[in-house]
Protein chains: 2
Amino acid sequence: MTLAVKHLSFNSGNKHILNNVNLEFEPGTIYGLLGRNGAGKSTLLNLISDRYPEKQGAVTIDGHTVHDHDAQLQQMYLMSEVNLYPDNFRVTKLFKLTQQLYGEFNWDLALRLAKQFGLETHARFGKLSTGYRTICKDIIALSVPADYILLDEPVLGLDANHRELFYQELMNAQAERPRTFVIATHLIEEVSWLLNHVMVLVDGHIKVDETLADLTEQAWQLTGPKEVMEPFINQQAVLHQHQFGNDITAVMMIAVADIPAEVTKQKINLQELFVALTEETHEN
Amino acid sequence: MTLAVKHLSFNSGNKHILNNVNLEFEPGTIYGLLGRNGAGKSTLLNLISDRYPEKQGAVTIDGHTVHDHDAQLQQMYLMSEVNLYPDNFRVTKLFKLTQQLYGEFNWDLALRLAKQFGLETHARFGKLSTGYRTICKDIIALSVPADYILLDEPVLGLDANHRELFYQELMNAQAERPRTFVIATHLIEEVSWLLNHVMVLVDGHIKVDETLADLTEQAWQLTGPKEVMEPFINQQAVLHQHQFGNDITAVMMIAVADIPAEVTKQKINLQELFVALTEETHEN
């Protein structure tokens, strides 16, 4: 079972928010969806779960479009920054509502997590702090029976202990019933150990779509004189490049065996890769 | 000019949210207000700025109560998680509205910051992402003429580059016109270099109220046999304490000269201090 995004584009007014995005999400895999503020992460997650109808391109599960198709949409759950829940509903009522919409709900897990996070289940959603609203939505996201769980900023407003607890419980949930998670977050270093696969959005384009294993093994920052680097990097998918005097520095995916001996090479971790990819090119 | 909080308590239903809080905020000082989710940080900031009228205790500026007093309230600005702004207002209209309410507004700064953060000033507030709503509110907070700026989660939803830019611009603003900032945040390590003074809320009580200089110099984690530690730590303000077998470990504020030679001492930074103070005591 695969969730596929094909040639997806989206404009708001005369502004291109997403531009020809193509992605596949495999079962049992945890994806990190990374990008700067305004890169289009939330728009992409909203489009995938059919919340914005006016789009170009398609979103399918096993070849069937999700657009207006309840059977496909029921396989997905989007935990988003937007609070869709009525403010006067109590937490338990939100759990019941989710059960009605999705047919099932893991009450044991939800009530255990509520206790662990200190979420009062009789509290009204509208009375919760930002952190506890996030916690409430996270608990629902881990307790729905859907196979594709899209998490837009799942640690927004959470303190360090609660963030750690959430990451741990997500891994527990995944071990118990493997599903697909897509996590959009700005706390990259914290989350990187969870991820199987990384996607980076830059200005509405997908710039990186790689397994974490490939990134760990093949993401290098290479520096060398222009005459050595230039013919060499033109043959490769360069993620980022800049020049100081006669030296070129390039961030790229490459097998270590293919790096010429006269080039200085340095491993680059996910956070560093992200910074290199999203460096401001305009003046501030 | 001093902002003082005296014997402040607040209940919600039959739950004590804040319990006899006493604090003073001095001019030109940057305070960090730290605490777990649900500790009462937002409630405290809302009470200080008179948004919740039903409270016990008092909030004063130079001895004059702020309650229902516009002259005092105009010296304060609360940037909060709650979006008070009408969704259909454009960013520039929010700037104008703030100018009307506060008499002045630093347009040069606000427009420069909007450009640097990539905030579109003609966008409607309701159409902004979580990150850009925070950015919009931060820009207003840095541009109002008030002397007490209360920031409730000023980096909520901001990417790493934008967080760094915000911290830097806050320091620039402070250098240009010193004022009092109170920053409530969960990203303690990132923010600690900004702070002059730290307050830690634990379950509605103030557990730490110290200058960063004192914390840096005097916060120690001490370990030793019970018979050495017990008489000694009873004389001091212990922040946290636990026992393994015959050994006691205590986190406390103490001059290094006052630590007995037979005690093992270890410096503790702000993040470690916070973790020690807020460790769960109940079972999970």
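How each quantity is defined
Residues numbered from 1 in each chain as written. Chains lettered and ligands numbered in written order. Predicted model: local features only at pLDDT ≥ 70, side-chain atom pairs only at ≥ 80, totals over all residues. Heavy atoms only, no water. Contact = heavy atoms within 4.5 Å. Buried area = accessible area lost by both parts, 1.4 Å probe. Salt bridge = Lys/Arg side-chain N within 4 Å of Asp/Glu carboxyl O. Polar contact = N/O pair within 3.5 Å; in protein donor to acceptor, adjacent residues only side chain to side chain. Helix = DSSP H or I, 4+ residues; strand = E, 2+ residues; numbered from the N terminus. Nonpolar A, V, L, I, M, F, W, Y, C, P; charged D, E, K, R; others polar. Buried < 20%, exposed > 50% of the residue type's maximum accessible area, 1.4 Å probe, protein only. UniProt positions renumbered as here; feature names shortened; annotations may be inferred. Least-squares fit on C-alpha atoms with pLDDT ≥ 70 in both. Domains from an automatic or database assignment.

## Digging into the interface of chain A and chain B
- At the junction of the two partners, chain A supplies 25 residues and chain B supplies 25 residues.
- Both faces considered, chain A and chain B share a buried interface measuring about 2,200 Å² in area, 44% of it formed by carbon and sulfur atoms.
- Run the count over chain A and chain B and you get 4 salt bridges.
- Here chain A and chain B share 14 residue pairs in polar contact (both at pLDDT 80 or more) between them.
- For the side of chain A that touches chain B, the secondary structure elements donating two or more residues are α5 (130–143), α6 (160–176) and α10 (270–278) of chain A.
- Grouping the constituent residues of the side of chain A that touches chain B by class yields 6 nonpolar, 12 polar and 7 charged.

## With respect to unusual backbone geometry
- For D62(A), which is not glycine, the phi torsion reads 50° and is therefore positive.
- Inspection of the secondary structure puts D62(A) in the loop between β4 (56–61) and β5 (64–65).
- Even without glycine at this site, D68(B) takes up a positive phi of about 60°.
- On the secondary structure map, D68(B) appears in the loop between β5 (64–65) and α2 (70–73).

## Side note on the side chain of T98(B)
Residue and element names in this part refer to chain B.
- Topologically, T98 is positioned in helix α3 (residues 91–102).
- Among the residues examined, T98 registers a relative accessible area of 3% and is labelled buried.
- Apart from the residues within four sequence positions on either side, T98 is in contact with G103, E104, F105, I140 and V144.

## Quick word on the UniProt feature "domain: ABC transporter" (unreviewed entry) in chain A
- Here, UniProt's "domain: ABC transporter" (unreviewed entry) annotation points to residues 3–228 of chain A.
- The distance from the first to the last C-alpha atom of residues 3–228 of chain A is 42 Å, and the span holds 35% helix and 31% strand.

## A look at the relation of the copies chain A and chain B
- After a rotation of 180° and a shift along the axis of 0.0 Å, chain A superposes on chain B with an RMSD of 0.0 Å. Those values place the two copies in the arrangement expected of a two-fold rotation axis. Using C-alpha coordinates, one finds that chain A approaches the rotation axis most closely at L156(A), a distance of 3.3 Å.
- Take the interface residues of chain A: 100% of them recur as interface residues in chain B, which is what a same-surface contact looks like.

## Section: the domain arrangement of chain A
All names here are of chain A.
- As far as domains go, chain A holds domain 1 (3–203) and domain 2 (215–278).
- The straight-line distance from the C-alpha centre of domain 1 to that of domain 2 is 34 Å.
- At the interface, 10 residues of domain 1 touch 6 residues of domain 2.
- Across the domain 1/domain 2 interface, buried area totals approximately 750 Å², and carbon plus sulfur atoms make up 83% of it.
- The three residues of domain 1 that bury the most area against domain 2 are R36, I188 and V200, which together make up 50% of that side's buried surface.
- Where domain 1 packs against domain 2, one counts 0 salt bridges.
- Scanning the region where domain 1 abuts domain 2 turns up 0 residue pairs in polar contact (both at pLDDT 80 or more).
- Mapped by element, the contributors of at least two residues to the side of domain 1 that touches domain 2 are β3 (30–35), α7 (188–191) and β9 (197–202).
- Looking at the side of domain 1 that touches domain 2, the element that brings in the most residues is β9, giving 3 residues.

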